[in-house]
Amino acid sequence: MRNIAFIVGSLSRQSVNRHIAEHILKNAPTDVQAEEIQIHDLPLYTQDLDEQVVPSYERVRNQLKRADAVLIVSPEHNRSIPAALKNILDIATRPFGQNLWANKKIAVVTASPGTYGGINAGVHLRQILQAVGADTLVAPEIYLSKASLNIDERTGAFLDKFAASFFNWVNKD
Ligand SMILES: Cc1cc2nc3c(=O)[nH]c(=O)nc-3n(C[C@H](O)[C@H](O)[C@H](O)COP(=O)(O)O)c2cc1C
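Residues numbered from 1 in each chain as written. Predicted model: local features only at pLDDT ≥ 70, side-chain atom pairs only at ≥ 80, totals over all residues. Heavy atoms only, no water.

As named in an unreviewed UniProt entry, the protein is NAD(P)H-dependent oxidoreductase, taken from Exercitatus varius. Of the protein, the UniProt comment under Cofactor (unreviewed entry) reads exactly: "FMN". (UniProt positions renumbered as here; feature names shortened; annotations may be inferred.)

**Student:** What's the story with the packing of aromatic side chains in this structure? I'm lost.
**Tutor:** Within a pair of aromatic rings, the relevant descriptors are the distance that separates the centres and the angle that separates the planes. The full count for this structure, using the stated rule, is 3 aromatic pairs. Centre to centre, the rings of Phe162 and Phe166 are 6.2 Å apart; their planes meet at 10°, and the pair counts as stacked. A residue pair is termed a helical-turn pair when its members lie 3 or 4 positions apart in one helix, as Phe162 and Phe166 do in helix H5 (residues 153-171) at 4 residues. An identical accessibility class is assigned to Phe162 and Phe166; each is buried. Look at Phe166 and Phe167: their rings are 5.0 Å apart centre to centre, the planes differ by 50°, and that puts the pair in the tilted class. On the basis of relative accessibility, which here comes to 0%, the residue Phe166 falls in the buried class. Above the ring of Trp169, the side-chain terminus of Lys105 is found at 5.1 Å from the ring centroid. (Phe/Tyr/Trp six-rings, centres within 6.5 Å; stacked < 30°, edge-to-face > 60°. Helix = DSSP H or I, 4+ residues; strand = E, 2+ residues; numbered from the N terminus. Buried < 20%, exposed > 50% of the residue type's maximum accessible area, 1.4 Å probe, protein only. Lys NZ or Arg CZ within 6 Å of the ring centre and 35° of its normal.)

**Student:** In this structure, what is going on with the site of the ligand? I would like to understand it.
**Tutor:** Around the ligand lies a shell of 13 residues, among which Ser10, Ser15, Glu76, Arg79 and Ser112 are the nearest. Contact between the ligand and Asn17: an oxygen atom at 2.8 Å from a side-chain N or O atom of the residue. When the free accessible area of the ligand is taken as 620 Å², the share hidden by the protein chains comes to 66%. (Near = heavy atom within 4 Å. Polar contact = N/O pair within 3.5 Å; in protein donor to acceptor, adjacent residues only side chain to side chain. Areas by Shrake-Rupley, 256 points an atom, 1.4 Å probe, with all protein chains shown as cover.)

**Student:** Can you help me understand the UniProt feature "domain: NADPH-dependent FMN reductase-like" (unreviewed entry) in the protein in this one?
**Tutor:** When the UniProt feature table is mapped onto this chain numbering, "domain: NADPH-dependent FMN reductase-like" (unreviewed entry) sits at residues 3-146. With 31% helix and 20% strand, residues 3-146 has end C-alpha atoms that lie 31 Å from one another.

**Student:** Could you clarify how one ought to interpret helix H3 (residues 83-91) in this entry?
**Tutor:** Every α-helix winds through 3.6 residues per turn, so residues three or four apart in the chain are directed the same way. For H3, the full list of buried residues reads Ala84, Leu85, Asn87, Ile88, Leu89 and Ile91. Buried positions along H3 lie against strand S1 (2-8), helix H2 (55-66), strand S3 (69-74) and helix H4 (119-131). (Contact = heavy atoms within 4.5 Å.)

**Student:** Can you help me understand the environment of Arg66 in this one?
**Tutor:** Here Arg66 lies in helix H2. A C-alpha to C-alpha distance of 9.5 Å links Arg66 and Arg2, two positions 64 residues apart in sequence. Setting aside anything within four residues of it in sequence, one finds Arg66 in contact with Asn3 and Glu35. A polar contact of 2.9 Å, which involves the side chain of Arg66, links it to the side chain of Glu35.

**Student:** Explanation requested: the pairing of strand S2 (residues 32-36) in the structure shown.
**Tutor:** Of the strand pairs in this sheet, S1 and S2 are connected by 5 bridges, and their pairing is parallel. Bridge pairing links Ala5 to Glu35 in S2. (Pairing = 2+ DSSP bridges.)

**Student:** Explain the packing of H3 against H4 here, please?
**Tutor:** A pair of packed helices is characterised by two quantities: the angle between their axes and the separation of those axes. Where H3 meets H4, the axes come as close as 11 Å, and the angle between the chain directions of the two elements is 10°. Judged by the inter-axis angle, H3 sits roughly parallel to H4. Contacts between H3 and H4 involve Leu85, Lys86 and Leu89 on the former and, on the latter, Leu125, Ile128 and Leu129. Its residues assigned to classes, the contact of H3 with H4 shows 5 nonpolar, no polar and 1 charged. (Axes fitted to C-alpha atoms, helices over the stretch in contact; angles between N-to-C directions. Parallel < 35°, antiparallel > 145°, perpendicular 65-115°, else oblique. Nonpolar A, V, L, I, M, F, W, Y, C, P; charged D, E, K, R; others polar.)

**Student:** Please clarify how the pairing of S3 should be interpreted in this entry.
**Tutor:** Sheet faces and side chains relate simply in a regular strand, where the side chains alternate between the two faces. Among the 6 residues of S3, 6 are classified as buried, and the element is accordingly described as predominantly covered. Burial along S3 is two-sided: Ala69, Leu71 and Val73 facing one way and Val70, Ile72 and Ser74 facing the other are all buried. Pairing of S1 with S3 involves 5 bridges; the strand directions are parallel. Its bridge partner being in S3, Ile4 is matched across the sheet by Ala69. The pairing of S3 with strand S4 (residues 105-111) spans 6 bridges and is classified as parallel. In the sheet register, Leu71 faces S4, and the bridge partner there is Ala107.

So this is what it looks like as structure tokens:
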């Protein structure tokens, strides 16, 4: 059994990105179980918190430890990644020396109702993941433009193709 953790970069109740994450995960093979790493309740990271037990930090760090791979599906906020997503990226690199992203398999999808599909957020995210030593899925890349809660047939097929590559990659070694 493989464990996939997924992170939705949006805190919005009617999130297009959540809808896309759910579509991708519907394709999961039966030997894969997926669990969400919730990020809405994580206090903003500061090193001062390294000296305390923060239950929500413990929760997400444990989820990451047991994840064989992570799928991040995120919107773009002002041409970069949302603050809540940056927060968990930071939380899981600390305390110093306990970087949970190192060598972790991570796949990135961005989506936007706009024309550019959140590509700046996607590229920024990949840059951060490289800095923290993650094993990021290089291709296929998805920066989904004109994204909406109605996934049409063409978009659905496109996401299904991505899902097949992702789960295939997760199941390798
Ligand atoms: C603070 C903020 C900044 C945004 N900046 C961008 C942006 O830079 N590029 C973009 O394509 N969309 C931008 N948007 C629009 C989002 O793509 C849109 O709200 C989308 O629905 C967010 O995804 P979600 O539905 O999963 O939350 C921004 C939205 C917010 C709230």
